[in-house]
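Descriptive structure summary
The residues making up each chain are set out below.
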2 protein chains.
Amino acid sequence: MNNFNFYLPTNVYFGKGQIKHLPEVLKDCGNKVLLVYGGGSIKRSGLYDEIMSLCKTNDIEVFELSGVDPNPRIESVRNGSKICKENDIDVVLAAGGGSSIDCAKMIAAAAKSDLDAWELVIDPSKIKEPLPIVSILTLAATGSEMDPFAVISDMKTNMKVGVGCDLLKPKASIMDPSYTFSVPKKQTAAGTADIMSHIFESYFSNVKEGFMQSRIAEALLKTCIKYGPIAYNDPENYEARANLMWASSWAINGLLKAGNEVEWCVHPMEHELSAYYDITHGVGLAILTPRWMEYVLNEDTLDRFVEYGMNVWGISPHKEKEEIAKEAIENTYKFFESLDIPMTLKEVGIDETHLEEMTSKIDKIETAYKPLYKEDMLKIYKMSL
Amino acid sequence: MNNFNFYLPTNVYFGKGQIKHLPEVLKDCGNKVLLVYGGGSIKRSGLYDEIMSLCKTNDIEVFELSGVDPNPRIESVRNGSKICKENDIDVVLAAGGGSSIDCAKMIAAAAKSDLDAWELVIDPSKIKEPLPIVSILTLAATGSEMDPFAVISDMKTNMKVGVGCDLLKPKASIMDPSYTFSVPKKQTAAGTADIMSHIFESYFSNVKEGFMQSRIAEALLKTCIKYGPIAYNDPENYEARANLMWASSWAINGLLKAGNEVEWCVHPMEHELSAYYDITHGVGLAILTPRWMEYVLNEDTLDRFVEYGMNVWGISPHKEKEEIAKEAIENTYKFFESLDIPMTLKEVGIDETHLEEMTSKIDKIETAYKPLYKEDMLKIYKMSL
């Protein structure tokens with residue numbers, strides 16, 4: 001097991017009605033809040049009114065940045081940080097899914113910096129003492145509510161960049177599974193794929209001694225496989241929404257990675273797809289994942305796929321190893337397909353045109369589970385067409 | 001799933017040589033440290049010298065409280081808090097296992113209170129702003145390095161009381177698995193039983209919706225079952241020591257309990273055994289656990305025992321449910337026995353004399369997995385003779 005530092009300071013309030021803790025959480029930081037959100041879903045669901053009413057009753061002044069895009073843009077970050085600077089904001093409150101939270105994180109960083117926001121995105125070591133970040137989660141997917149990451153896009157240059165900085169971990173997150181009842185079916189499916197992909201990125205590690213981490217990864221994968229379809233077919237099933245929401249945080253908050261570090265593979269490849277075509281991140285991941293698995297399956301990686309097959313999918317240990325591995329990959333594909341995720345790039349409007357150009361934007365991933373070079377990535381993209 | 005608050009602020013430095021972070025961690029709190037430890041094991045292992053040398057080099061003044069007993073006494077807490085008050089100590093540093101850390105926690109609390117330490121033990125709501133607590137863990141067992149609990153004994157009144165207070169979570173913990181290489185075989189076995197008991201206390205819950213928590217509990221149990229015997233037979237096996245150490249923290253740091261609350265059963269019963277007879281806590285737990293399982297197995301609890309048998313012990317799902325459950329309990333017994341833990345009360349010098357008196361000291365546990373009243377506890381004690 002590798003050495004590691006584990007620090008998880010986000011204070012989580014989980015469950016129905018936990019929004020009642022919002023005023024105490026915010027007032028702990030100050031009285032001026034920037035509320036960051038996307039489209040109208042928090043207005044339709046009543047969450048917006050609830051936040052406003054709680055803040056009003058508690059003398060908290062709210063400024064707003066709305067219209068954050070699903071792949072949040074650097075322009076939103078710039079606009080948000082400008083509001084913070086002009087109004088002496090004390091805390092940035094995101095209400096939404098990963099996009100709003102990611103955007104809020106970078107706003108909090110840029111609000112306390114003289115640099116342009118994009119400079120902080122490409123070099124997070126320049127982030128110093130950001131404003132405190134609080135999130136109210138409405139979508140189980142990216143895990144941004146409890147992690148140090150943010151992904152920001154500059155559509156002018158087709159760049160989508162992932163930022164990782166411990167200072168960006170939210171101070172508190174309010175996670176009420178009933179807020180996800182209204183998440184559309186497509187988003188529920190894509191969110192489940194996103195959670196699973198985060199788990200896979202840590203599970204397929206070359207650190208052999210991370211037994212405990214591997215078994216926990218399998219526990220989280222089983223949770224997604226059980227509850228993804230239930231939430232998809234029965235959107236107001238609280239048990240399913242709660243398990244998915246809590247799994248989304250643990251997939252990426254550092255526990256699976258601690259002692260078990262490996263460089264991610266499928267995410268960087270997907271980031272190019274959505275940077276060029278603005279497709280849903282989780283859909284891109286679902287398309288690429290089984291192809292990546294098929295591509296990296298070999299003599300060296302076989303045993304891990306066998307564990308995956310037996311421990312996650314319950315495939316009989318009496319079968320041949322190769323058969324178990326292939327069945328596990330096939331089950332992964334079929335699982336995403338069962339959630340009606342389009343499972344080819346063509347179905348989401350992507351053809352060969354930019355594939356080679358995309359691979360040129362991704363650094364080779366030499367310390368990955370299986371090293372990936374540009375030609376490998378191109379093959380995986382083509383397998384996904 | 002029940003509503004919950006999850007907050008885990010302990011900064012963990014895990015791995016070989018992580019002691020190098022000690023000076024920065026301590027200096028973050030101040031320059032005057034009270035070092036709390038037990039017998040001479042940290043002197044024999046060289047850890048004591050290393051701490052002293054690191055502190056000297058970094059101008060940190062060290063005061064000492066040694067001789068903390070395996071079931072830490074209230075007298076040690078009083079002595080430690082006196083040193084803190086007289087010398088204006090900034091931070092309490094425990095070096096050892098759960099006993100030293102538990103003692104340090106209550107010292108930190110008593111040092112900032114005008115009340116007698118025992119008053120804080122019996123009513124932790126009176127604990128206000130304790131001194132910061134830092135731990136260097138040398139034994140994988142109680143999980144005190146990352147949890148809010150401390151267990152303190154008053155041998156004059158045969159009282160052993162568990163304290164739970166969020167303010168007592170260590171600010172930082174240094175966890176170097178190689179420090180546990182020298183743990184005696186008996187302690188390794190008892191520590192493994194202690195970790196497993198913490199997991200069982202959450203796993204056997206009546207909250208049916210905690211699927212994810214249950215699967216993670218199984219992941220941790222599998223970790224103990226794999227590595228307990230390896231560490232027992234090959235004490236310097238780093239992989240085994242690392243997995244056990246990290247599992248010890250996660251068994252009780254709140255993750256398994258979050259959303260899944262249930263009142264503990266076996267721990268309160270064991271606390272009386274060690275309060276009266278000063279036996280090793282983990283040994284008492286190992287003796288009581290399979291008897292408790294046998295006693296609470298019935299039509300209502302059968303399914304959980306079946307899950308335990310299949311998911312943790314890999315028992316074939318094709319067997320009859322009752323057979324799976326019984327085999328799982330038998331495996332639990334045999335596992336502890338394989339670590340040479342004495343598996344009857346008689347073997348640790350306990351006969352019927354005080355059993356009834358002990359049950360009179362435990363409150364009935366009505367909200368337990370299966371409610372336990374005095375007569376139930378007496379039966380379980382007698383099954384364990």
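Residues numbered from 1 in each chain as written. Chains lettered and ligands numbered in written order. Predicted model: local features only at pLDDT ≥ 70, side-chain atom pairs only at ≥ 80, totals over all residues. Heavy atoms only, no water.

Let's talk about the sheet that holds strand 2 (residues 32–36) of chain A
- Strands sit in the order 3(A)-2(A)-4(A)-5(A)-8(A)-1(A)-1(B)-8(B)-5(B)-4(B)-2(B)-3(B) across an open sheet of 12 strands; the sheet is mixed. Two strands in the sheet have a free side with no partner beyond their single neighbour: strand 3 (61–65) of chain A together with strand 3 (61–65) of chain B. Averaged over neighbouring strand pairs, the angle between their axes works out to 25° when direction is ignored.
- Here four bridges tie strand 2 of chain A to strand 4 (residues 91–96) of chain A, and the two strands are oriented parallel to one another. In the sheet register, Leu-35 of chain A faces strand 4 of chain A, and the bridge partner there is Leu-93 of chain A.
- Each of strand 2, strand 3 and strand 4 of chain A touches helix 4 (residues 74–87) of chain A; the most contacted strand, strand 3 of chain A, lies at about 155° to it.
- Here helix 5 (residues 98–110) of chain B sits on the sheet and contacts strand 2 (32–36), strand 3, strand 4 (91–96) and strand 5 (133–137) of chain B; the angle it forms with strand 4 of chain B, its principal contact strand, is near 170°. (Pairing = 2+ DSSP bridges. Helix = DSSP H or I, 4+ residues; strand = E, 2+ residues; numbered from the N terminus. Axes fitted to C-alpha atoms, helices over the stretch in contact; angles between N-to-C directions. Contact = heavy atoms within 4.5 Å.)

A look at the state of the cysteines
- Inspection of the entire model under this criterion finds zero disulfides over all chains.
- Among the cysteines around Cys-165 of chain A, which has no disulfide bond, Cys-103 of chain A carries the closest sulfur, lying 16 Å off. (Disulfide = S-S within 2.5 Å.)

With respect to the domain arrangement of chain A
Residue and element names in this part refer to chain A.
- Annotation of chain A at the domain level lists domain 1 (11–179) and domain 2 (185–383).
- Contact residues are listed per partner, giving 26 residues for domain 1 and 26 residues for domain 2.
- Of the roughly 2,100 Å² buried between domain 1 and domain 2 on both sides combined, carbon and sulfur atoms contribute 62%.
- Across the domain 1-domain 2 interface, the total number found is one salt bridge.
- Two residues, Arg-73 and Asp-278, come together in a salt bridge whose shortest N-O distance is 3.5 Å.
- When residues of the side of domain 1 that touches domain 2 are traced back to their parent elements, those giving at least two are strand 1 (4–14), strand 6 (149–154) and strand 7 (159–164).
- Classifying every residue of the side of domain 1 that touches domain 2 by side-chain character gives 13 nonpolar, seven polar and six charged. (Domains from an automatic or database assignment. Buried area = accessible area lost by both parts, 1.4 Å probe. Salt bridge = Lys/Arg side-chain N within 4 Å of Asp/Glu carboxyl O. Nonpolar A, V, L, I, M, F, W, Y, C, P; charged D, E, K, R; others polar.)

Section: the interface of chain A and chain B
- Each partner contributes to the interface: chain A provides 38 residues, whereas chain B provides 38 residues.
- Viewed at the interface, chain B and chain A are joined by zero salt bridges.
- Summed over the shared surface of chain A and chain B, the number is 16 residue pairs in polar contact (both at pLDDT 80 or more).
- Elements that contribute at least two residues to the side of chain A that touches chain B include exactly strand 1, helix 8 (211–233) and helix 9 (238–250) of chain A.
- Here the side of chain A that touches chain B is composed, by residue class, of 22 nonpolar, 10 polar and six charged. (Polar contact = N/O pair within 3.5 Å; in protein donor to acceptor, adjacent residues only side chain to side chain.)

Things to note about the relation of the copies chain A and chain B
- Between chain A and chain B, the superposition needs a rotation of 180° and an axial shift of 0.0 Å, giving an RMSD of 0.0 Å. Expressed as a symmetry operation, the mapping of one chain copy onto the other fits a two-fold axis.
- Most of the interface of chain A is mirrored in chain B, where 100% of its interface residues are also at the interface. (Least-squares fit on C-alpha atoms with pLDDT ≥ 70 in both.)

With respect to the environment of Phe-335 of chain B
All names here are of chain B.
- Its place among the elements puts Phe-335 in helix 13 (residues 321–338).
- When its relative accessible area of 6% is taken as the criterion, Phe-335 is described as buried.
- Along the chain, Phe-335 and Leu-35 lie 300 residues apart, while their C-alpha atoms are 36 Å from each other.
- Other than its neighbours up to four places away in sequence, Phe-335 contacts Thr-192, Met-196, Cys-224, Ile-225, Pro-229 and Trp-313. (Buried < 20%, exposed > 50% of the residue type's maximum accessible area, 1.4 Å probe, protein only.)

Description of the packing of helix 10 (residues 266–277) of chain A against helix 15 (residues 374–383) of chain A
All names here are of chain A.
- Interaxial distance between helix 10 and helix 15 falls to 11 Å at its minimum, and their mutual angle equals 60°. Relative to helix 15, the element helix 10 lies oblique. You can see that helix 10 and helix 15 cross each other, and the crossing is right-handed. Of helix 15, the residues touching helix 10 (which contributes Met-269, Glu-272 and Leu-273) are Met-377, Ile-380 and Tyr-381.
- Of the residues contributing to the contact of helix 10 with helix 15, the split by class is five nonpolar, no polar and one charged. (Parallel < 35°, antiparallel > 145°, perpendicular 65-115°, else oblique. Left-handed = near helix turned anticlockwise from the far one by under 90°.)

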